[in-house]
Amino acid sequence: MIHGGDIYRNQVQMDFSVNTNPLGSPSSVKEALIKAVEKSGNYPDIRAEKLKKAVAAWGGFREEMLIFGNGASELILAIVHAVRPEKILIPVPSFLGYEKAAEAAEGEVVYWQMKRENDYCLTSSFLNDLTEDISMVFLANPNNPVGNLLEPEFVEDIAKTCLAKNILLVIDECFMELTGKEKTHSFVKKIEDYPNVIVLRAFTKLFAIPGVRLGYLLCEEQLGERIRKHLPEWNLSVFAEEAGVAATLEKGFVEQSALYVAKERAYLESILTEQGCIAYLGEADYLLFFTDKPLYSLLLERGILIRDCSNFRGLSKGYYRIAVKSAKENRRFAKIFKEVMAIGKEEENQALEYVLPGDIEKRSFEIISQELKERNIKLPKENEMVIKRVIHTSADFSYADTMTFSKDAVAIAKQLIKQGADIVTDTNMALSGINKKVLEQYGGLAHCFMAEEPVAQEAKKRQMTRAAVSMERAAALEKPVIFVVGNAPTALVKLYEMIEEESFTPAFIIGVPVGFVNVEAAKEMILKTNVPYIINRGRKGGSNVAAAICNAILYSLREEALYPGN
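These notes cover the structure that comes with them. (Residues numbered from 1 in each chain as written. Predicted model: local features only at pLDDT ≥ 70, side-chain atom pairs only at ≥ 80, totals over all residues. Heavy atoms only, no water.)

## Topic: the overall build of the protein
What counts is decided by this rule: Each helix is a run of DSSP H or I of at least 4 residues and each strand a run of E of at least 2, with the numbering of both proceeding from the N terminus. Between the two quantities, the radius of gyration covers C-alpha atoms and the globule rule is 2.2 Å times the number of residues to the power 0.38. Exposure categories follow from relative accessible area, calculated using a 1.4 Å probe and restricted to protein chains: below 20% of the type maximum is buried, above 50% is exposed, and the middle band is partly exposed. Using a 1.4 Å probe, accessible areas were evaluated by the Shrake-Rupley method; residue-level cover was limited to the displayed protein chains. Just so you know, the count uses Lys and Arg for positive and Asp and Glu for negative, and it drops His and the chain ends. We put the charge of a Lys on NZ, of an Arg on CZ, of an Asp on CG and of a Glu on CD.
When its secondary structure is counted, the protein shows 23 helices and 19 strands. Taking 24 Å as the expected radius of gyration for a compact globule of 566 residues, we find that the protein reaches 26 Å, a close match to that expectation. Considering only C-alpha atoms, the protein reaches an extent of 85 × 50 × 45 Å along its principal axes. Taken across its 566 residues, the protein has 56% of its residues classed as buried. Carbon and sulfur atoms form 50% of the exposed surface of the protein, whose accessible area is close to 25800 Å². For the protein, the separation between the mean place of its 68 positive charges and that of its 77 negative charges on side chains is 2 Å.

## With respect to the sheet that holds strand E10 (residues 286-290)
Which entries qualify depends on this criterion: We treat two strands as partners when DSSP finds at least two bridges between them. By the convention used here, residues are in contact when the closest approach between their heavy atoms is within 4.5 Å. Note on geometry: axes are C-alpha line fits, over the in-contact stretch for helices, and angles between N-to-C directions span 0 to 180 degrees.
Pairing is antiparallel across the open sheet formed by four strands, whose spatial order is E9-E10-E13-E12. A strand with exactly one partner marks an edge of an open sheet, and here the two such strands are strand E9 (278-279) and strand E12 (307-308). Summarising the sheet, E9 and E10 pair through two bridges and their orientation is antiparallel. Bridge pairing in E10 places Ala279 opposite Phe289. The sheet contacts of helix H10 (residues 253-274) involve E9, E10 and strand E13 (319-323), and relative to E10 the element is tilted by about 10 degrees.

## A closer look at helix H22 (residues 519-527)
Every α-helical turn comprises 3.6 residues, leaving residues that sit three or four positions apart pointing alike. The condition is simple: Note that the arc is defined by the directions from the helix axis to the C-beta atoms.
All of the buried residues along H22 are Val519, Ala522, Lys523, Ile526 and Leu527. Along H22, the residues classed as buried sweep out an arc of 150 degrees about the axis, all on the same side. Its buried side turned inward, H22 meets strand E14 (403-405), helix H21 (489-501), strand E18 (508-511) and strand E19 (533-536).

## Examining helix H4 (residues 96-105)
Among the residues of H4, those classed as buried are Gly97, Tyr98, Glu99, Ala101, Ala102 and Ala105. Of the surrounding elements, those touching the buried residues of H4 are helix H3 (72-83), strand E3 (87-92), strand E4 (108-113), strand E5 (136-140) and strand E6 (168-172). In the segment just after H4, Glu106 is the residue with positive phi, at about 60 degrees.

## Some details on unusual backbone geometry
Omega for the peptide link from Val92 to Pro93 comes to 5 degrees, which places this bond in the cis form. In this structure, Ala208 is a non-glycine residue whose phi angle is positive, near 55 degrees. Assessed through its relative accessible area of 15%, Ala208 is described here as buried. In this model, Gln463 sits at a positive phi of 55 degrees, which is unusual for a non-glycine residue. Structurally, Gln463 can be placed in the loop between helix H19 (453-462) and helix H20 (466-475).

## Comments concerning the pairing of E13
Counting buried positions along E13 yields five of five residues, so the element is predominantly enclosed. Burial of the side chains of E13 extends over both faces: Tyr319, Arg321 and Ala323 are buried on one face and Tyr320 and Ile322 on the other. Looking at chain direction, E10 and E13 are connected through five bridges and run antiparallel. Residue pairing for E13: Tyr286 is matched across the bridge by Ala323.

## Brief notes about the packing of H20 against H21
Test applied: With respect to orientation, any angle under 35 degrees is reported as roughly parallel, any angle over 145 as roughly antiparallel, any angle of 65 to 115 as roughly perpendicular, and every other angle as oblique. Crossings are assigned a handedness: left-handed for a near helix turned anticlockwise from the far helix by less than a right angle, right-handed for a clockwise turn. Gly falls in the polar group here, along with every residue not listed as nonpolar (Ala, Val, Leu, Ile, Met, Phe, Trp, Tyr, Cys, Pro) or charged (Asp, Glu, Lys, Arg).
At a minimum axis separation of 7 Å, H20 and H21 run at an interaxial angle of 45 degrees. Classified by the interaxial angle, the pair formed by H20 and H21 is oblique. For the element pair H20 and H21, the recorded crossing hand is right-handed. Here Ala467, Ala468, Met471, Glu472 and Ala475 of H20 lie close against H21, whose contacting residues are Thr490, Ala491, Lys494, Leu495 and Met498. Taken together, the residues of the contact of H20 with H21 sort by class into seven nonpolar, one polar and two charged.

## Points about the side chain of Glu74
Using the following cut-off: Between Lys or Arg on one side and Asp or Glu on the other, a salt bridge is scored when a side-chain nitrogen of the former is within 4 Å of a carboxyl oxygen of the latter. We define a polar contact as two N or O atoms separated by no more than 3.5 Å, with the added condition that, inside protein, one atom must be a possible hydrogen donor and the other a possible acceptor, whereas residues neighbouring each other in sequence contribute only through side-chain atom pairs.
Following the sequence through the fold, Glu74 ends up in helix H3. One buried charged side chain, Glu74, makes no salt bridge at all; its nearest oppositely charged neighbour is Arg213, positioned 8.4 Å away. Side-chain polar atoms of Glu74 contact the backbone nitrogen of Asn70, separated by 2.6 Å.

## Details of the side chain of Asn330
As for its placement among the helices and strands, Asn330 is situated in helix H12 (residues 327-354). Sequence-distant contacts of Asn330, defined by excluding residues within four places in its chain, comprise Phe16, Glu264, Tyr267, Leu268, Ala323, Val324 and Lys325.

## Considerations on the environment of Gln11
Note that Gln11 resides in the segment before strand E1 (14-15). Under the relative-accessibility criterion, Gln11 is labelled exposed at 72%. Separated by 292 residues in the primary sequence, Gln11 and Gly303 have C-alpha atoms spaced 6.1 Å apart. Leaving out residues up to four positions away in the same chain, Gln11 has contacts with Leu300 and Gly303.

## Observations concerning a nonpolar patch on the surface
Applied cut-off: Nonpolar side chains (Val, Leu, Ile, Met, Phe, Trp, Tyr) are joined into patches within 5 Å and like charges within 9 Å, using only residues with over 30% relative accessible area and no salt bridge.
Together, Tyr43, Ile46 and Trp234 line one region of the surface with nonpolar side chains, adding up to about 390 Å² of accessible area. Structurally, Tyr43 is set in the loop between helix H1 (27-35) and helix H2 (49-59).

## A closer look at the packing of aromatic side chains
One pair of aromatic rings is described through two measures. These are the centre distance and the angle between the planes. Cut-off, in case you're wondering: In this analysis, rings of Phe, Tyr and Trp, with Trp reduced to its six-membered ring, are considered paired at centre separations within 6.5 Å, and the interplanar angle assigns stacked below 30 degrees, edge-to-face beyond 60, and tilted for intermediate values. In this scheme, the term charge over a ring applies when either NZ of a lysine or CZ of an arginine sits within 6 Å of the ring centre and within 35 degrees of the ring normal.
In this structure the tally under the stated criterion is 22 aromatic pairs. Residues Tyr120 and Tyr319 carry aromatic rings whose centres are separated by 5.7 Å and whose planes lie at 85 degrees to one another, so their mutual orientation is edge-to-face. With a gap of 199 residues between them, Tyr120 in the loop between E4 and E5 and Tyr319 in strand E13 connect regions that are remote in the sequence. On the basis of relative accessibility, which here comes to 5%, the residue Tyr120 falls in the buried class. A relative accessible area of 3% places Tyr319 in the buried class. Grouping aromatic residues by their ring pairs yields a cluster made of Trp58, Phe61, Phe68, Phe203, Phe207, Tyr216 and Phe253. Between Arg331 and the ring centre of Tyr267, over which it is positioned, the NZ or CZ distance is 3.9 Å. Sitting above the plane of the Phe449 ring, Arg473 keeps its charged end 4.3 Å from the centroid.

So this is what it looks like as structure tokens:
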């Protein structure tokens, strides 16, 4: 698979595969490029002094810490050639350029797999794998292709651990400015305290000049000298130097760009979710999502190029990434995307009708029933359909032992939905997986507040997780709420605290977060309350399990409506 942006071998009208600023290049940068033609007969300044002074003043950096490259990719290669690490750790899925550079270093490469049930986010257990035999770590913030930002305290914990164990940490912040959170989440303000850290940036993405190629890094001077020796003498063109200087003179462009990205990203996320895709939380100018439709070919046939992410280590077929483009392009994309998804559904329905007439799921549940019988497991009648659907989703029969229900839990959940209760999830993945048609028939809506900017701001202000603040946000809904927690134990802890304080009582709690830290304890807290619940004890769970529980209840209601009295 070729890197995104392969417009040279495809007939492309709109390129959604590359993630550059949707506002495009400022006019001053374009003018600087045109004027640079007059200088093309000269060698560029081998020291890039004018550019260095401009970028240092623009970013508040010391000039001695700056090194420029023909894009960030050249700098990544120069780093590994300069350091020659024996063992490189790369969290995946992430930018493929790290693997390419690691291969050039001829050292051992180990991968830290981020999990689907954690929405492909780095977790605190990563710190345990920063062992003394690791020489270098690549860390993208925000990550690519997921787009999620790491909390600054967590990044500093990683930097501290790496410093203590003599590990070089390369933090790729090439998309940082476009998140709008550079001031709070960038590591550049702390880099003077960490001689083991390199921060990468790129004008390519921020000022939409991928064809010009201009990146830079910040690091301690002695390390910088080692890296500089592995760069060509004239690795920057006069075009790159002049465009870079002009870009630093733009006032308000970065802030304007970040606001635009946030607005348009939210629009695209709503389109993806509406069409049944699983869209992952992020804050960069691109979105990772999953669907079982062959979108790459279907959209390319219509002149739209997207990034097929199946070749990212840790991802599989069905994962795609799209860029946040201009409002006009995004709405044109949405129109064609909806048409393509409708065609996919029509073809899928035909296949089910004429080739596999509804037998696959039916056969799956027959197999589950047979295996339960062979294992001498008899499920309580009132909970049977929920547990079987969880097993169907996870292929894990241990849920037959660990799923725990309060008295009449399923019946209470059904009644709440009939009365128009809303569902609030702690991840967009769970939200995307819930079948909302039955819920809406009874007047209920499904929500996830995790990605809302006010939630993020409140969480930072109060030093809380977004999951906990999201629970407070949900408590303000003026109707009964069924809380569905598949990822964040802190969400359950917050609900427990509100119940104990008598400030709020949830109508119902589905608690199945997955993981190792505080997960089991958080679930046990809910078991102590008088709130109706469905809990999976132990470490297992996840957003997919949470959605499966909801769907089991919703499908049961649908069956009861279709076949009353059965």
